[in-house]
Amino acid sequence: MNTPEFCYKAVFEYSKAKFGQVIPYVQHMVMYDLQWRLKPEMSKKLTADEKRDYIQALIDLLQEIEDSVIVSQKNINFIFKLFALKLKYGRNIAHELEVRDGAAWSKDVKLFQIRQKNKFQINLLYIENETLYLEGRTELDVLSKNYQIVCSKNNKTIYPVELYPIAYKDVKGFTGERIFEGKGFKIRVPLKEMRGGERIDFALIDKNGAQESKKKERLKPSFGQFAKLEQGVPLYYCSGDYLVKQSKDQILVLKNSWKRRMLAEGRLAKELIKKKKYDIFGIRIRYHLSKLFTRDRIWICSDRTDMARDNGEHLFRYLNGIEMPKERQFYFVLDKQSIDFDRMNKTGPVLELGSKKYKQKFLLADKIISAHADPWVYNAFGDDSKYVKDLYNFDFVFLQHGIIKDDFSSWLHKQNKNIKLFITSSERERDSIANGDYGYDEKTVVLTGLPRFDALNSDPKKQILIFPTWRKELAPPLIQGSSEREYLKNFKETDYYQFYNSLINDPRLLAAMKETGYRGQFYVHPAFKKQADDFQGNERITVIAEIADYTKMFNENALLVTDYSSVYFDFAYMKKPVVHAMFDY
């Protein structure tokens, strides 16, 4: 904390005394460190006076650093560069930026290129009721005081770009203040009176000056996972009478025809062969042949990749037990190594995760239904999705793994997951999502309860269940295409491990359990499954390392000990007692 005041200020003074100025080398050296100080919020342990002094120390240093040096830093994006300039000048420099030559400038210093990837990203693209719907995110709202984003058709008709806040994309600086407001956009382009073809483009225009003299700076849209198109890949999207593809920086909408589809597929096939993507080439051919000869309605259900036993399994069992039309096909997907694979096959057909058959069925699916919302659920192709996402034509039904009690909007937002049916279990939960920052309307968020609730039938034994949830900051990344995570080497050094391992081995707890004849089960959350051997069980409390049967656990245990896992709702549903034991809340 004292470095800016007692080190960098002294270096600046030395430079001025020796050279008559703060020389560029010294400016760069100090700014390299200051860039890292702009992000993390100041410690809450600091007093108000200490915070004020620290902020002022950084401002004093920034005022002696050239704008070009601030902007040249490689480890912060333009948001923090603008923040540094705001601290330096005491005003919002973003309101003074000028757009010219494809970039945003502060006087003679270039802040960023407006055509950079993700500056204007389309995440959802679809046609419905003869209207092209586009929805995405943009960082260009920082220019909104003097510039606006416009969408035009054939360089004539202009359609409104509706901007709205996306709270989870907000950015805070070290002062704790919001320095950037996340913004999404919605665009609707009517296609009903389309002639020949429509070219849709996007641009920034100056709000000031006469209409006829307003200069356009064309934008280059990038495309997210649900947008059907991809920069650099000749994908095309067909819906009814329309065919949509990308043409340079524009979206081209044409009348759909067999000939145009064949030409578009041929161009894509050449690209796949050039890149030696022969497996994707074959999958696309089989997809198109299958669409010619089948009208099956395919629903694919899942829980985790390595296990069933959750809401996906319960719904799958229900679907396979009722009378349904012959063209309706239900599948469950699991890793071939899962201990549930053969068991689930007795209920209905199970697809092997990652297999060619699974990928083919995935492309033909009408519904993807899961208790989880990890990327593998709605993307069976991993990085290769950019060659097939134009064929994705399913509704993602999110069953949930439990009841949502926290704000998960940054994870489950419409632009991240594109959920078409969002299952909830209480009015408060439903309202928190439909009226929160998730981006879904009330038709999408439905109140039905969880499928696994139907199997809850309390039959308590003299045993307790200890079931803490995971911690995102401790869990290693997901293995790509899987629900599993790697082993964390320093896990035993964490407060999480030390608290719960001490709890299950606490002499007072074990003595009370022995006296009353109770036994216990400590269930390691699936996110920490590979850490199960780290925990030390005993003669009273067993560490459950293998895959557990949730329904059996919930039904047979008389008491739940948890931190803030949502499984306490299952126990509350059965009117069983819950004890909250946590170390970090």
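In this text the structure is predicted, and so the values were computed from the model without any measurement.

The subject of this paragraph is the layout of surface pockets. As a volume, the largest pocket reaches approximately 1600 Å³. What lines the largest pocket is a set of 50 residues, among which Tyr-126, Lys-228, Tyr-237, Tyr-392 and Asn-393 lie closest to the centre. The biggest single contributor to the lining of the largest pocket is helix 7 (residues 278–293), with 8 residues. Taken together, the residues of the lining of the largest pocket break down into 26 nonpolar, 7 polar and 17 charged. Approximately 1200 Å³ is the volume found for the second largest pocket. Along the walls of the second largest pocket sit 45 residues, with Phe-408, Trp-411, Thr-469, Trp-470 and His-525 positioned nearest its centre. With 3 residues, the single largest contributor to the lining of the second largest pocket is helix 12 (residues 409–412). Residues of the lining of the second largest pocket, tallied by class, amount to 21 nonpolar, 11 polar and 13 charged.

What follows covers helix 7. Over its 16 residues, helix 7 runs 23 Å from end to end, which matches the ideal 22 Å to within 8%, given 1.5 Å per residue. Turning to helix 7, its buried residues are Ile-280, Gly-282, Ile-283, Arg-284 and Tyr-287. At its buried positions, helix 7 is contacted by strand 15 (236–239), helix 6 (258–274) and helix 10 (356–364).

Taken as a whole and judged by the stated rule, the model has 42 salt bridges. Where Glu-198 meets Lys-153, a salt bridge forms, and the shortest distance between an N and an O atom there is 3.9 Å. One end of the pair, Glu-198, is in strand 12 (residues 197–206); the other, Lys-153, is in strand 6 (residues 147–153), and 45 residues separate them in sequence. Taking relative accessible area as the criterion, Glu-198 reaches 5% and is therefore assigned buried. When its relative accessible area of 12% is taken as the criterion, Lys-153 is described as buried. In this structure, Lys-552 engages Glu-556 in a salt bridge whose closest nitrogen and oxygen atoms are separated by 3.1 Å. Here Lys-552 pairs with Glu-556, and both are found in helix 17 (residues 550–556), just 4 residues apart, close to one helical turn. A cluster of three or more residues bridged by salt bridges with shared partners is formed by Arg-297, Asp-366, Lys-367, Asp-395 and Lys-420.

What the 3 strands build is an open sheet, ordered 1-2-3; its pairing is antiparallel. Bordering the open sheet on either side are strand 1 (98–100) and strand 3 (109–113), each of which pairs with just one other strand. Averaged over neighbouring strand pairs, the angle between their axes works out to 35 degrees when direction is ignored. For strand 1 and strand 2 (residues 103–106), the ladder comprises 3 bridges, and the chain directions are antiparallel. By the bridge assignment for strand 2, Glu-98 is matched with Trp-105.

Right, let's get into the packing of helix 7 against helix 10. Between helix 7 and helix 10, the least distance of the axes is 10 Å, while the angle of their chain directions is 50 degrees. Taken together, helix 7 and helix 10 sit at an angle that is classed as oblique. The element helix 7 and its partner helix 10 pack so that their crossing is right-handed. Contacts between helix 7 and helix 10 involve Ile-283, Arg-286, Tyr-287, Ser-290 and Lys-291 from the first element and Lys-356, Lys-359, Gln-360, Leu-363 and Leu-364 from the second. A per-class count over the contact of helix 7 with helix 10 returns 4 nonpolar, 2 polar and 4 charged.

A few words on the nonpolar core. Core analysis: the biggest nonpolar cluster contains 71 residues, and Ile-122, Leu-125, Leu-143, Phe-202 and Ile-251 have the highest contact counts within it. Looking at which element gives the most residues to this core, the answer is helix 5 (residues 78–89), with 8 residues. Excluding residues within four positions of it along the chain, Leu-125 makes contact with Leu-132, Tyr-133, Leu-134, Phe-226, Ala-227, Lys-228, Leu-229, Tyr-237, Val-244 and Ile-251. The next biggest cluster of nonpolar side chains, apart from the first, holds 43 residues, and it includes Leu-272, Ile-280, Phe-396 and Ile-419.

Procedures and definitions
Residues numbered from 1 in each chain as written. Predicted model: local features only at pLDDT ≥ 70, side-chain atom pairs only at ≥ 80, totals over all residues. Heavy atoms only, no water. 1 Å grid on protein atoms, 1.4 Å probe; cavity = no way out; pocket = protein on both sides within 12 Å on 5 of 7 lines; lining within 4 Å. Points joined across faces, edges and corners; volume = space filled by probe spheres on them. Helix = DSSP H or I, 4+ residues; strand = E, 2+ residues; numbered from the N terminus. Nonpolar A, V, L, I, M, F, W, Y, C, P; charged D, E, K, R; others polar. Expected span 1.5 Å × (residues − 1). Buried < 20%, exposed > 50% of the residue type's maximum accessible area, 1.4 Å probe, protein only. Contact = heavy atoms within 4.5 Å. Salt bridge = Lys/Arg side-chain N within 4 Å of Asp/Glu carboxyl O. Pairing = 2+ DSSP bridges. Axes fitted to C-alpha atoms, helices over the stretch in contact; angles between N-to-C directions. Parallel < 35°, antiparallel > 145°, perpendicular 65-115°, else oblique. Left-handed = near helix turned anticlockwise from the far one by under 90°. Core = buried A, V, L, I, M, F, W, Y, C linked by side-chain atoms within 4.5 Å.

Such coordinate-based values are descriptive only and should not be taken to indicate function.
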